Amino acid sequence: MATAPAQGYKTAGGNAAFHNFINDFADVEDPLERKRLALEKIDNADFSWYHIRAIMVAGVGFMTDSYDIFAINMAVPMIAHVFWNGKIPSSTETLIKVSTSVGTVLGQVGFGWLADVVGRKAIYGVELIIMIAATILQCTAGHSEAINFAAILTFYRIIMGIGIGGDYPLSSIITSEFATTKWRGAIMGAVFANQGWGQLLGGIVAIICIAGYKHDLDVASSALCDQKCMKACDQMWRIVIGFGAVPGLIALYFRLTIPESPRYTFDVSNEIGKAAADTGKFVSGELGNADKGDVEYLAQHETRDERLNYVPPKASWKDFWAHFGQWRYGKILLGTAGSWFMLDVAFYGLGLNSANILKTIGFASSQNVYHSLYNQAAGNLILVCAGTIPGYWLSVLTIDTLGRKFVQFWGFAILTMLFCVIGFAYHKLTEGGLLALYILCQLFQNFGPNTTTFIIPGECFPTRYRSTAHGLSAASGKIGAIIAQTCIGTLQNHGCKEKGLPNGCYLNHVMEIFALFMLLGMGTTLCVPETKRKTLEEISEELHGEVDITKQVHRSIPSDDEEKMAESV
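What you see is a predicted model, and the numbers here were worked out from it, not measured in a lab.

Draft legend 1. Representation of the overall build of the protein. Summing up its helical and strand segments, the protein has 28 helices and 0 strands in all. Counting across all 569 residues of the protein, residues that qualify as buried make up 60%. Taking all contacts inside the protein whose residues are at least 6 apart in sequence as the whole, residues at least 24 apart take part in 81%. Carbon together with sulfur atoms contributes 63% to the accessible area of the protein, which is approximately 22,200 Å² in total.

Written out as structure tokens, the structure is:
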């Protein structure tokens, strides 16, 4: 294979701290050969610091997402004491909680499409800016004769949801495209597992606030929440919501300075030389895109696209629907979107109503304002520590050995059984038994479909549509969340008042409905492919008929013996 002269252009820096990846292939003349070498290095790299850095940068965003989504669960009881004398109308509570999911749908579809059109780097960080700004604005919301508090809070939470939605496809595909093949599932799962830390942080912030304001909150009854009590609640919910901007601010600089994904540059923008340089910059530990000199040197030779007679189709909505309109490709999108929809009906139906569910089973019931708020926050912490966080990390530890499809299918199967037990045996179970089963549901949602529905769409689609398809799959899940909140979740109080029963009297039937959706999730999982231990190019070739140019380049490169024979002839 012909190479550039020994004095070929090389980037500055040695290998003392980080491996200077660009120097490994900067002297290779053929850009497509450089592509093969670059992707080979990414796919076969040992797990190291730059993977940890990617997990931290993407993961902090998911911690912020989760904090912002679930902090409202603990903030609403506080808000209720300020504006509704402790009893918030159910329709208003549903509106506030579901508003984020509405915005998230818009963000997932919009940012997912933009990432395939303008590139990952161009918009990564914008979604975090939107989240931070909307979070801060929520803390300034108040009521007056001219402004309805619930309306303005709902508006800000929709805007925040757009930012949160954008984080789903962007963080997933960027992590996927930079991850080593052997541990790609674990790396993506570790990013997503930061949602558990976000929920934990939300519970800790809430319980610290409640403990700090104990003197003002410790009144005999929620109906007696006086001016001091209301002021304390008003300050607490603003602290709890506003703290969500802090982790986002920490991650913002790193997101704005990442290099472009090399696979996007190779496969979509076709700047092959630039991608090779960007890859070296990222893996060597440097931030930002390659210098102009890197690109000029690496782009000075013609590519082999014409010789290999393959040009990837240009990304467009027309081509997108033409591609996925074929059943063999469309069933994959149906599987990822359908599975996420089924999962989120139960996941958000439980998660955003955990405070009410804790009250229903007697764990957080109290007439005293302080004890009621404290028990709800403590109950959420117990659920997160006992079920949510272990579930996430069990997925991280096993996803690359058991496989994505295995974990998802059996996660749905176990959840089906758990929800059936809760629903059909609800009145025969003790409060402790109900709490234990609820924790198990949290465990197997995360050690199961909640993690895999995030990972699989980031792997099983071709580069030019990876972000769009992931965004559509994630948006399908959030539509399920909206249905859970507006339709199924509100059924837990169905007929309770007419029958003289306490709120939550219909909760057993809600659990039975969740069991049905988990059963349907097993069916949609059958349309999902197994992607473990395969490169993204192998997956695209196998599932979508894409041509893996790197293999073609490798086959077309003459050996040293062949070169010598050609020279002698």
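Draft legend 2. Seen up close, the packing of helix 20 (residues 369-402) against helix 22 (residues 431-446). With their axes 7 Å apart at the nearest point, helix 20 and helix 22 run at an angle of 30° to one another. On the basis of the axis angle, helix 20 is roughly parallel to helix 22. Here the hand of the crossing between helix 20 and helix 22 comes out right-handed. For the pair helix 20 and helix 22, contact is made by Ile382, Leu383, Ala386, Gly387, Thr388, Pro390, Gly391, Tyr392, Leu394 and Ser395 and by Leu435, Tyr438, Ile439, Gln442, Leu443 and Asn446, respectively. The residue makeup of the contact of helix 20 with helix 22, split by class, is 10 nonpolar, 6 polar and no charged.

Draft legend 3. Examining the nonpolar core more closely. Tyr168, Phe419 and Phe514 are the most contacted members of the largest nonpolar core, which has 77 residues in total. At 9 residues, helix 18 (residues 327-351) tops the list of elements feeding residues into this core. Core analysis: the second largest hydrophobic core is formed by 40 residues, Ala71, Ile79, Ile96 and Ile241 among them.

Draft legend 4. Structural context of helix 12 (residues 245-256). Taking 1.5 Å per residue, 12 residues should reach 16 Å; helix 12 reaches 16 Å between its end C-alpha atoms and fits that length. Turning to helix 12, its buried residues number three or more, namely Ala245, Pro247, Gly248, Ala251, Leu252 and Arg255. Down the axis, helix 12 shows its buried residues gathered within 150° of arc, on one side only. Exposed side chains of helix 12 directed beyond 90 degrees from the buried face belong to Leu249, Ile250 and Tyr253. The secondary structure elements touched by the buried residues of helix 12 are helix 3 (49-83), helix 6 (126-138), helix 7 (149-178) and helix 11 (227-242).

Draft legend 5. How the structure looks around helix 6. Relative to the 18 Å expected for 13 residues at 1.5 Å per residue, helix 6 spans 19 Å between its end C-alpha atoms, a close match to the ideal helical length. For helix 6, the complete set of buried residues consists of Glu127, Leu128, Met131, Ile132, Ala134, Thr135 and Gln138. Buried residues belonging to helix 6 abut helix 3, helix 4 (90-117), helix 5 (120-123), helix 7, helix 11 and helix 12.

Draft legend 6. Representation of the pattern of salt bridges in the model. Considering all chains together, one arrives at 14 salt bridges under this definition. Among the ionic pairs, glutamate 93 bridges to lysine 97, the shortest N-O distance being 2.9 Å. In this pair, glutamate 93 and lysine 97 both sit in helix 4, 4 residues apart, roughly one turn of the helix. Assessed through its relative accessible area of 4%, lysine 97 is described here as buried. When salt bridges that share partners are traced, they join Asp116, Arg120, Glu177 and Arg466 into one network.

Draft legend 7. Highlighting the side chain of asparagine 194. Relative to the helices and strands, asparagine 194 is located in helix 9 (residues 194-212). Excluding its chain neighbours within four sequence positions, the residues that come into contact with asparagine 194 are Ile55, Gly59, Phe62 and Met63.

Draft legend 8. Structural detail: the side chain of serine 540. Following the sequence through the fold, serine 540 ends up in helix 26 (residues 536-544). The buried category is assigned to serine 540, whose relative accessible area is 7%. With residues near it in sequence (within four places) discarded, serine 540 still touches Phe461, Pro462, Arg466, Gly545 and Glu546.

Draft legend 9. Broad picture of a nonpolar patch on the surface. Taken together, the side chains of Trp113, Leu114, Val117, Val118, Trp317 and Trp321 define a hydrophobic patch exposed on the protein surface, amounting to about 540 Å² of accessible area. Of all elements in the fold, only helix 4 and helix 17 (317-324) reach the threshold of two or more residues within the nonpolar patch. One can find tryptophan 321 in helix 17.

Draft legend 10. Main features of the environment of tryptophan 197. Inspection of the secondary structure puts tryptophan 197 in helix 9. As a C-alpha pair, tryptophan 197 and phenylalanine 62 span 135 residues in sequence and 9.1 Å in three-dimensional space. Ignoring sequence-local partners within four residues, the contact set of tryptophan 197 consists of Met63, Ile389 and Trp393.

Draft legend 11. A look at the packing of aromatic side chains. Summed over all chains, the structure comprises 26 aromatic pairs. Here phenylalanine 324 and phenylalanine 461 contribute two aromatic rings whose centre-to-centre distance is 5.7 Å and whose plane-to-plane angle is 70°, an arrangement assigned as edge-to-face. Note that phenylalanine 324 is positioned in helix 17 and phenylalanine 461 in the loop between helix 23 (449-455) and helix 24 (463-488), a separation of 137 residues in sequence. Residue phenylalanine 461 is classed as buried on the basis of its relative accessible area of 0%. For the ring pair tyrosine 370 and tyrosine 374, a centre distance of 5.6 Å and an interplane angle of 35° mean the geometry is tilted. Remark: tyrosine 374 and tyrosine 370 occur in helix 20; sequence separation between them is 4 residues, near one turn of the helix. In this structure tyrosine 370 comes out as buried when scored by relative accessible area, which is 9%. By way of ring pairs, the aromatic residues Trp113, Trp317, Phe320, Trp321, Phe324, Phe461 and Tyr465 are connected into one cluster. Above the plane of the ring of tryptophan 183 lies arginine 533, whose end atom (NZ or CZ) is 4.9 Å from the centre.

Draft legend 12. Examining unusual backbone geometry more closely. With a phi close to 55°, arginine 533 is a non-glycine residue in the positive phi region. Judged by relative accessible area, arginine 533 falls into the partly exposed class, the value being 36%.

So, how was this worked out
Residues numbered from 1 in each chain as written. Predicted model: local features only at pLDDT ≥ 70, side-chain atom pairs only at ≥ 80, totals over all residues. Heavy atoms only, no water. Helix = DSSP H or I, 4+ residues; strand = E, 2+ residues; numbered from the N terminus. Buried < 20%, exposed > 50% of the residue type's maximum accessible area, 1.4 Å probe, protein only. Contact = heavy atoms within 4.5 Å. Areas by Shrake-Rupley, 256 points an atom, 1.4 Å probe, with all protein chains shown as cover. Axes fitted to C-alpha atoms, helices over the stretch in contact; angles between N-to-C directions. Parallel < 35°, antiparallel > 145°, perpendicular 65-115°, else oblique. Left-handed = near helix turned anticlockwise from the far one by under 90°. Nonpolar A, V, L, I, M, F, W, Y, C, P; charged D, E, K, R; others polar. Core = buried A, V, L, I, M, F, W, Y, C linked by side-chain atoms within 4.5 Å. Expected span 1.5 Å × (residues − 1). Arc of directions from axis to C-beta. Salt bridge = Lys/Arg side-chain N within 4 Å of Asp/Glu carboxyl O. Patch = residues over 30% accessible without salt bridge, like charges linked within 9 Å, V, L, I, M, F, W, Y side chains within 5 Å. Phe/Tyr/Trp six-rings, centres within 6.5 Å; stacked < 30°, edge-to-face > 60°. Lys NZ or Arg CZ within 6 Å of the ring centre and 35° of its normal.

Treat this as a map of the structure, not an account of what it does.
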